[in-house]
Amino acid sequence: MSNASSSGKTQIHVGRVDDLPIGSMCEVPLDAPFDVPVNAIVANVHGTFYATSSRCTHYGMPLSKGVLTDDGKLYCPFHGACFRVTTGDIEDAPALDPLQTFDVEVKDGQVYLLVDYETLRNPSTAPCPSELKGKRQGPHTVFIGGGAVTLHAVQEMRRLGYKGRITVLTSEPHPTIDRPRLSKSYAPDVDHALIRNEAYWRDTLQVDLRLSSHVYMIDTRMRRIHIRGGNTLIYEKLVLATGSVPRRLPVEGAHAQGVYVLRSLQDAQSLTASLKRRAAPKLVIIGTGFIGLEMGIALAKHADVTLIGQTHVPLEGPLGRQVGGGLQTAIMNERPLRFLNAVDVVRIETDMDGHVRGVLVQPRARGSPELFLQADMVLMSTGARPATDFLRNSPSFPTLRPDGSVEVDSALRVNGLRNVYAGGDIAAYPTENGVVRIEHWNVASNHGLEIGRMLATGRVRPYRHIPVFWSGLTSTLRYAGTGHGYNQVYVDGEPDEAEFIAYYAKNDKVIAVATMWKDPMMAQALALMQAGKMPKLSVIAAGLDLMTLSTAPVRRL
């Protein structure tokens, strides 16, 4: 039921105050005359009502299925984005825009929304205030790399009123793409892969965007960036966000025709084009990690797929043998895939034209003979290394870690340098579980948000986000936490039926959670970890229901 209010806004009845107790939320249809239905989320935070739009600004998923914490954070259960319902602001990536907010009125024990439909129809989401456009005030910040770190950092800087020049140098021929999509199906064209188009970067964000710009050295003493072709650029603040480079196995035939890796849009498009040239080609995927499994599942309807890996079951390292083995069964029950586990690649064999014809592998079982797997194409999904070769060419830059990553402090500042930050795949950053480097889209996005806030406000604070990861394994696997070094696992449910929640602990302390078809539980676990209130593994295994716990954050001294 809706009526016109004295403010000129439409008044929509939500319900009785008593029906919306503290800590609850409900979804309210707005009856807007739009092609796509638009709803609101109304939340009661400590006795005060707030209202926002109801769809996550990442992929448009419904926030009504998420978790509202005691301090007013709303977690999307699908990919871990988080919003502050009191303001609509982004708390955690991969959300791209804040939520819209609506006025709420309480009268005679009833709750009402006040909605301006014209504003709802034409929301102002531009993060760069119009009065800043065209002006060049303040420091010059340069980003090397154009991925998730840079996108979220630049948007946050402009949203918070950063007035300085921003230059983005990216080696890719296009702005930021939605990289997780590349392993979920055939490659999209560039227009459908872009998160923000070139005009948005240049006109809305007021960025000097330099595509296909390859940096080969930086001089941190002179604050000078050397770009292939002889160009140089002076920076005052610098953000390094170059991502990673796919690894190829050091075996014969690794660079043969028909052997592919997956990192860039061009990689994905080349693989897709090759698949489309053949009817039911034989595809061998080397690597049974997340990307290998996603590609095997996505391409099973287009190719005869065999996945090979060194471990006893897929994902044995991050998820453990029980969950990894169960997921293999669940996948095979839904897709015509073959798995060959516990083998080493001997070489990739080619025909007389230099094109791949098969993969020779050696099973790890003692006394087993070598096996030849016929293949028209091979996809190497064998990990990645930080894209930091240009830093090895930079004498003034601090020594890289053994894996090629850049070590940063708790505020993501490069150790030993002033005004230089690093984020995403190349950054090794401190956590309660030690120094880690995590190749997750969500981590890169949140690194960008934090760096952007620091650059815009000058306020330094430690990075404390809980990593969130998702993977399309027939059903969607969701993973939250930093599970490095876990030594205990407790699984509730059936991984082979793709419905479970698994807890990963180190000496009884839960450091990560993985779920399938348990989205509210995942959101609750994420909120508890973020608040510092996750129970011990032994308590959970004894039957504790996480959904009964408060998510109010523990005060940090």
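Bear in mind that the values here come from a model prediction, so they are computed numbers and not experimental data.

Basis of the calculations
Residues numbered from 1 in each chain as written. Predicted model: local features only at pLDDT ≥ 70, side-chain atom pairs only at ≥ 80, totals over all residues. Heavy atoms only, no water. Helix = DSSP H or I, 4+ residues; strand = E, 2+ residues; numbered from the N terminus. Expected span 1.5 Å × (residues − 1). Buried < 20%, exposed > 50% of the residue type's maximum accessible area, 1.4 Å probe, protein only. Domains from an automatic or database assignment. Contact = heavy atoms within 4.5 Å. Buried area = accessible area lost by both parts, 1.4 Å probe. Salt bridge = Lys/Arg side-chain N within 4 Å of Asp/Glu carboxyl O. Polar contact = N/O pair within 3.5 Å; in protein donor to acceptor, adjacent residues only side chain to side chain. Pairing = 2+ DSSP bridges. Axes fitted to C-alpha atoms, helices over the stretch in contact; angles between N-to-C directions. Right-handed = clockwise from strand over helix to strand, strands pointing away.

**Some words on helix H8 (residues 321–334)**
Here is step 1: Spanning 14 residues, H8 covers 20 Å between terminal C-alpha atoms, matching the ideal 20 Å at 1.5 Å per step.
Here is step 2: Buried residues of H8: Val-323, Gly-324, Gly-326, Leu-327, Gln-328, Ala-330 and Ile-331, and no others.

**With respect to unusual backbone geometry**
Here is step 1: Across the junction of Ala-93 and Pro-94, the peptide omega takes the value 10°, indicating a cis bond.
Here is step 2: Structurally, Pro-94 can be placed in the loop between strand E9 (90–92) and strand E10 (101–107).
Here is step 3: At Asp-108, a residue that is not glycine, the phi angle is positive and equals roughly 55°.
Here is step 4: For Asp-108, the location among the structural elements is in the loop between E10 and strand E11 (110–115).
Here is step 5: Within the chain, Leu-315 stands out as a residue other than glycine whose phi angle is a positive 60°.
Here is step 6: You can see Leu-315 is positioned in the loop between strand E22 (304–308) and helix H7 (316–319).

**A look at the domain arrangement of the chain**
Here is step 1: Assigned domains of the chain: these are domain 1 (10–121), domain 2 (141–243 + 387–457), domain 3 (255–381) and domain 4 (475–545).
Here is step 2: Between the C-alpha centres of domain 1 and domain 2 there is a distance of 33 Å.
Here is step 3: Domain 1 puts 11 residues into the contact, and the matching count from domain 2 is 14 residues.
Here is step 4: The junction of domain 1 with domain 2 conceals about 900 Å² of combined surface from both sides, 46% of it contributed by carbon and sulfur atoms.
Here is step 5: Applying the counting rule to domain 1 against domain 2 returns two salt bridges.
Here is step 6: Here Arg-196 makes a salt bridge to Asp-97, at a shortest N to O gap of 3.0 Å.
Here is step 7: Taken together, domain 1 and domain 2 are joined by seven residue pairs in polar contact (both at pLDDT 80 or more).

**Here we look at the sheet that holds strand E24 (residues 343–350)**
Here is step 1: Strand order across the open sheet formed by three strands is E24-E25-E26, with antiparallel pairing between neighbours. Each of the sheet's edge strands pairs with one partner strand only, and the pair in question is E24 and strand E26 (371–374). On average, adjacent strands in this sheet sit at an angle of 25° to one another, irrespective of strand direction.
Here is step 2: Here strand E25 (residues 356–363) pairs with E26 via four bridges, running antiparallel. Paired with Leu-360 across the strands is Phe-372, a residue of E26.

**Side note on the pairing of strand E12 (residues 140–144)**
Here is step 1: Counting buried positions along E12 gives five out of five residues, so the element sits mostly inside the fold.
Here is step 2: Here E12 shows no split at all, with His-140, Val-142 and Ile-144 on one side and Thr-141 and Phe-143 on the other all buried.
Here is step 3: Each parallel crossover has a hand, and the one from E12 via helix H2 (residues 148–159) to strand E13 (residues 165–169) is right-handed.
Here is step 4: Sheet topology places E12 next to strand E18 (residues 237–240); four bridges connect them, and they run parallel. By the bridge assignment, Val-142 is partnered in E18 with Leu-238.

**Observations regarding the pattern of salt bridges**
Here is step 1: Under the counting rule described, the total for this entry stands at 30 salt bridges.
Here is step 2: With its nearest N and O atoms 3.5 Å apart, the salt bridge here joins Asp-425 to Arg-263. Pair noted here: Asp-425 is in the loop between strand E30 (420–422) and strand E31 (427–431) and Arg-263 is in the loop between strand E20 (259–260) and helix H5 (265–276), with a separation of 162 residues, a long-range link.
Here is step 3: On the accessibility criterion, Asp-425 (9% relative accessible area) is buried.
Here is step 4: You can call Arg-263 partly exposed: its relative accessible area is 22%.
Here is step 5: In this structure, Arg-453 engages Glu-450 in a salt bridge whose closest nitrogen and oxygen atoms are separated by 3.4 Å. Here Arg-453 pairs with Glu-450, and both are found in helix H10 (residues 441–457), just three residues apart, close to one helical turn. For the pair formed by Arg-453 and Glu-450, the shared burial category is buried.
Here is step 6: Salt bridges sharing common partners tie together Asp-97, Glu-156, Arg-159, Arg-196, Glu-450, Arg-453 and Arg-461.

**So, the pairing of strand E27 (residues 377–380)**
Here is step 1: Along E27, one buried face is formed by Met-377 and Leu-379 and the opposite face, lined by Val-378 and Met-380, is buried too.
Here is step 2: Judged from the two bridges that link them, E20 and E27 form a sheet pairing that is parallel. Across the sheet, Tyr-260 pairs through a bridge with Leu-379, a residue of E27.
Here is step 3: Both strand E21 (residues 282–286) and E27 contribute to a ladder of four bridges, which runs parallel. The residue bridging Leu-283 from the neighbouring strand is Met-377, located in E27.

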